[in-house]
Structure formats: C-alpha cells, structure tokens
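Descriptive structure summary
Residues per chain are reported as follows:
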Amino acid sequence: MATPISNFLKLVSSNVFKSVQCRSSHASVLSDCTSFTRRSHLCGELRDKHVGESVTLCGWLQFHRLSGAFIVLRDWLGSIQLVIPETKVHEFKDLPLESVLQVKGQVCLRPSGQENKDMPTGDVEVQVQEISVLNTCTKHLPFEVQNFNKVKESLRIKHRYLELRLQNLQKVLRLRSKFVMSVRDFLANGNGFVEVETPTLFKRTPGGAREFIVPTSSPGKFYSLPQSPQQFKQLLMVGGLDRYFQIARCYRDEGTKPDRQPEFTQIDLEMSFVTQEAVISLVEQLLQATWPEECGQVAAPFPKMAYQEAMTFYGCDKPDLRLDWKIQQLTSTLLPAPPAVFQDFLSTDGSTLQALRVPEACQHLSNKELEDILRTCAVSPGSRVKLVAAKIKAGGSWGSSLDRQLDTACRQRVAAGMQLQPHDWLLLAAGQHYQPHQVLGQVRLNAASLLESKGIQVRQEGFKFLWVDNFPLFLPKEDGGEGLESAHHPFTAPHPDDLDLIYTSPEQVRGQHYDLVLNGSEIGGGSIRIHSSKLQSYVLSEVLKEDSSELEHLLFALDCGCPPHGGIALGLDRLMSIMCGTESIRDVIAFPKITGGKDPLSNSPASVAPDDLKYYHISLDTPAT
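Below is a short write-up of the structure. (Residues numbered from 1 in each chain as written. Predicted model: local features only at pLDDT ≥ 70, side-chain atom pairs only at ≥ 80, totals over all residues. Heavy atoms only, no water.)

**A few points about the packing of aromatic side chains**
This structure, assessed with the given rule, holds nine aromatic pairs. A centroid spacing of 6.1 Å and a plane angle of 90° characterise the contact between Y307 and Y434, whose relative ring orientation is edge-to-face. Taken together, the residues Y307 in helix α8 (residues 307-314) and Y434 in the loop between β16 (425-432) and α13 (435-453) connect sequence positions 127 residues apart. A centroid spacing of 4.7 Å and a plane angle of 55° characterise the contact between Y503 and Y538, whose relative ring orientation is tilted. Taken as a pair, Y503 in the loop between β19 (484-486) and β20 (513-518) and Y538 in helix α14 (residues 533-543) lie far apart in primary sequence, 35 residues in all. Between the NZ or CZ atom of R65 and the centre of the ring of F70, over which it lies, the distance is 4.4 Å. (Phe/Tyr/Trp six-rings, centres within 6.5 Å; stacked < 30°, edge-to-face > 60°. Helix = DSSP H or I, 4+ residues; strand = E, 2+ residues; numbered from the N terminus. Lys NZ or Arg CZ within 6 Å of the ring centre and 35° of its normal.)

Take a look at the structure:
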C-alpha cells in the first residue's frame, strides 16, 4: 500500500525544511534578503541554536491559553509558542484565532519540564517584546483551522483558502512544486527537451473524450478546450523541435471522481525518431531521477505485461501488483463437466469458466458485505456473464448451490488446483472473451478494499510500477453500439507486424501503445504515432467513421515531411496522489472541483447575463437554474 498521508507528512516535514535552508549556517530559511521582508525567521525553523537571538515573526494566531499569556503563532513551516508580557496580555486575550500578527522578541529555552516533544520547536519559545495585529480575523469562521478537525469536503473546498493553511496541504503542494521543478530540470537541462506552451483554445478532436466548448462572437463558431496537447505536440515534431515537453493543463467534460477532474495537469512529452523502448527507458530514468527521497527509491527497469496477460489474470488493463490474487481458468482437468447453472453461458464460441479465490474473506466479511461486493460488480453493456459464489467450509463442502451440482471428487480437484482453504471465498464466472475476467477483476479489487478497511492488510506495501503494452488498436464501442473506437486515441500507430490487417480485420490489430500503471492506477499513457497522412486518413474515415476533414490541418502537416515520433503523458495529479498516499487527487490540487465539476468556492459554473448570451448568439431552450 502507498504510505498513508499521516506517515508521509512526518517523512516529508524534515525534507521540506532542508529544501528551504540557506547556504549560510547562520542565515534564516527566508534568504539573506531579510531587509525586504517583515520577518527575520519562520516560526517553524526556531531551535535551541537560535537561543539568545532577536527575531521578527509573522503568522496566524493558532491558539492561546491562560487568558492570552501564552499564544501559538503558525506559518507555513510550523508553529512556535510566544510568551506575552503581563502588561499586554489584556490586549490579546480576546483576539480571534487566525488573526495575523507580527511579533518581535528573543528566543529562549523553555523552562525545564515544560518542553513539548510533539512540536519540532518545542524546546524553545519567544519572549515577546513587541506585537502588532496586522489583520483581525472574523469570529465566525466556517470551520476551525485544525488538522484534527473533520469537516465536510464541500465546505472545505468552498473555503479552500482556510484549509490551505493546514500543514498537510502545505507540505503536499510544496512537494508537488519541488517534484515539478525536478522534472523540468531533468528534461530541459539533461536531455535536450524544449518546453513549449500550446494553445488552450482549439477545435474539437474526433474520437476522444467529450470536450468543453467555448462560444465566440462569430455566429455558430466555437472553440474547444483540448483534452490534451496531442495534435500540437505532433505538429511540433513536424516543425523539427525534436524533443518537446510541457506541464500541460487539459480539460475533459466528464464526471468528477476521486481520481478524475474536469481540468487536470499532465507531464506531456514527445520525441522524434524514437522507438517505444526508448520512450519507456526515458520515463523510467525520469522517475528515478525526480522521485522524492522521502518517498523511497524507484527501482528500474519496471516489469512489463501484455494487455492479454493483464486481462486474463487480473481482469483489467491496469492491474494492482501489490495484490497477488489471480484469476484462474477452470479447465477440463479440474472441472470436466461444468455445473448446469453455467451451461447456457458456455454454449457459444469464445466462452470460458473463470475462477477467483479470495483468501479468508468469509472469516472477516459478513454475508451482507459479501453480497454487496457482488452487487457492485457491474457487467458492461452487451455483456452476458453468470457469476456464482461459494463459501469454503471446514469439511471441504461449498456453501453454495454448486455443492449439490458437483461431486466430492470434482470439488477436491478444484480445491487442490486453486489451493482452497476453509473460510475462503470462491467466485466462478462464465461468459465470452474477457467478460468473466472483468467481473472477477472487480470482485478482486472490491474485496481487497473492504478487507483493508477492516484493518486486514492484503496488499503489499510500497510502489509497484508496471508497463502494459500490446493493446488492441481498436475495441468495440464502450456503450455497446456498433463499430470500433480507439483503445488509446486515433493517432496511435499500428504494430508493424499487423499493418496489413488494418484494411481487412482492424479488430485484430495491435497498437504501439503503452500504459504506465502504479499501484493499480494508470498514471501515464503513450504511443508511437501515425506519421503517414494516408494511413491516418484511412483510420479516421474508414475504421472509426469520423469526419477526417476536421483534421485537415494535421493531415496536411503529416504530408510535409513528418518524422516518425512518439511520446507519453503522465498524469501529474494522480501520480502525486499515489506518491503522497491521499484518498483523492483533490487532496493534491490547490483549488479542485467537487462532484459534477462544481466549484463551491466561486459557485461555478454560473449563469450568464442575457446580453452576454446575445453577444455570443446563444439562446437557451431551458432557463438557467
């Protein structure tokens, strides 16, 4: 498992402090240019080596006790206890928490026995000589600014500027900044990449996710916000930039989930005259060089797995290798005659019976919890899968209708082949192609998450990277409709060995597409691109049934001497979330959206005045609510 956020923050605290220290051992972490600031030191940096020094501090009033005789001042790096002179206590005892103060005083050791070992600055305090209120906080904050305070997410994000004061968000966002700077340094200074900003006002990209549209003053004309800089980075290769990168903002008009936002950031790379193996090698070197030392080390090369293997044994194309449960086919050796309940689902070509063992699940999960797992494992549109569960009992019997349909010898063969033990949960699924694998793959993940929510660790700790490749170039449409859609995107090149199949059996073509998976989440996807205008036009028009005229600018560019090229995009938000062990990518974004893409801070999206709609030649069928 990824390091929990609480443990992660303890690890990163000292490193954040180290990263801001000055070269001079006597200088403040603020820099030598203290004459340009209102303060000489940060609250969180004071230690016993500063005893006797006169300091000027600025920060927020976090806490006061003994009617204001002692107060705690906090800034981004940490907090320090202040001792207020008796003559001034009455001025501050009623001052609201989170007011902004400037303090001048002398650093002293705390009296013996009064040290606070829970505070990095707990051995010292500041005897205050002067104190000024720079800004008074309202007495009616929407919530207390405390790490231990549990507040609804919608309220926290509505007042995100308050939550940003907390140490956990401070440290995560500073680590994100440090990581991005390391990425820039590795790419630009060590590997010849050029950082280029690409437009965010563009036009619709065929064959991809739904895009946001932006109206213009030209009647009936709209921009689209790009879901990635895909076309622009290919055009940069046509232009001879050779190696491009960008910390790119991207947009997709999709529902918000814990690992998805309507606007997000990716580390975008593209290279000319490159192979798939070269892209993979460079990404591994990038992560090794930039991975924060407080998060451990990254061992390369990362393991690789073909798409077919991932689907067969894990039921998904982004397997979590921390969990060693695998899906197993029940062959005729183990089960000569499938139970009657599966016969209708095994009567067509390509049908198989697959099984999954969940160790000791019946010992730790109730009947209702087991049923809820099965209920949440949805079957995709057009799928037809039969799923049956059995509880393995001490005597070898199966607590299921299957117990009556299988003789003892058959159950014993299955038990031996799958290494079944008492209290295990056995799942059997029948269906065509990868359909039963996908259902069992959902059971696998849902059961693991539920067991771990009860404190039973089933995943290994640490970071498990994996490359998945040999994807099909095209897949049946996800909504169950007729035709094919791109498994990655329509610009992905076919595998050279399958090129002829594009024109006869496109569903059998493999793509030069590779995904990077970390702990069961896709954190990157890339491919070698189509650099032939003729092939690109055929894929769009004949295979995907898209209007290729919308990409006339790209098709003509490919005809102008386009080099072979390829690249990858790494999801920065998702990568940071896994690195920091947070539950959601919203915990590593300064100002995220919540469910439905809403921003409670600004109350957007919002309605537009009728005159503005008229300027953009827009009329509403339904009035805004």
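**Thoughts on the sheet that holds strand β11 (residues 304-306)**
Across the sheet, eight strands lie side by side as β6-β9-β10-β22-β21-β20-β17-β11; this open sheet has mixed pairing. In this open sheet, the two strands that pair with only one neighbour each are β6 (194-195) and β11. Looking at chain direction, strand β21 (residues 521-528) and strand β22 (residues 565-571) are connected through five bridges and run antiparallel. Bridge pairing links G526 to I568 in β22. Contacts from α8 reach β11 and β17 (465-469) within the one sheet, and its direction differs from that of β11 by about 85°. Across the sheet, helix α16 (residues 572-580) is in contact with β9 (243-251), β10 (263-272), β20, β21 and β22; its angle to β21 comes to roughly 140°. (Pairing = 2+ DSSP bridges. Contact = heavy atoms within 4.5 Å. Axes fitted to C-alpha atoms, helices over the stretch in contact; angles between N-to-C directions.)

**Overview of the nonpolar core**
Ranked by size, the top nonpolar core spans 53 residues in total, and within it F179, L187, L269, F465 and L516 carry the most contacts. Looking at which element gives the most residues to this core, the answer is helix α5 (residues 167-190), with seven residues. Ignoring any residue separated from it by four or fewer positions in sequence, one finds F465 in contact with L287, W291, V298, F302, P303, L321, L516, V517, L518 and I523. Counting 23 residues, the second largest nonpolar core, distinct from the first, contains A69, I80, L95 and V128. (Core = buried A, V, L, I, M, F, W, Y, C linked by side-chain atoms within 4.5 Å. Buried < 20%, exposed > 50% of the residue type's maximum accessible area, 1.4 Å probe, protein only.)

**A look at the packing of helix α10 (residues 367-376) against α13**
The interhelical angle for the contact between α10 and α13, taken along N-to-C directions, is 140°, at an axis separation of 9 Å. Considering the angle they form, α10 stands oblique to α13. Crossing of α10 over α13 shows right-handed handedness. Every residue of α13 that contacts α10 at E369, I373, L374 and T376 is listed here: Q442, V443, N446, A447 and L450. When the residues that make up the contact of α10 with α13 are grouped by side-chain class, the tally is five nonpolar, three polar and one charged. (Parallel < 35°, antiparallel > 145°, perpendicular 65-115°, else oblique. Left-handed = near helix turned anticlockwise from the far one by under 90°. Nonpolar A, V, L, I, M, F, W, Y, C, P; charged D, E, K, R; others polar.)

**So, unusual backbone geometry**
The peptide bond linking A300 to P301 adopts the cis configuration, its omega dihedral lying at 5°. Topologically, P301 is positioned in the loop between α7 (276-290) and β11. One non-glycine residue, H617, adopts positive backbone phi at about 60°. Tracing the backbone shows H617 in the segment after α17 (610-615).

**Structural notes on the pattern of salt bridges**
Where side chains of opposite charge bring their charged atoms close, a pairing between them can arise. With the rule as written, the count across this model stands at 27 salt bridges. The residue R249 makes a salt bridge to E263 at a minimum N-O spacing of 3.1 Å. With a gap of 14 residues between them, R249 in strand β9 and E263 in strand β10 connect regions that are remote in the sequence. With relative accessibility at 24%, the residue E263 sits in the partly exposed group. (Salt bridge = Lys/Arg side-chain N within 4 Å of Asp/Glu carboxyl O.)

Remember that the coordinates give geometry; whether it matters functionally is a separate question.
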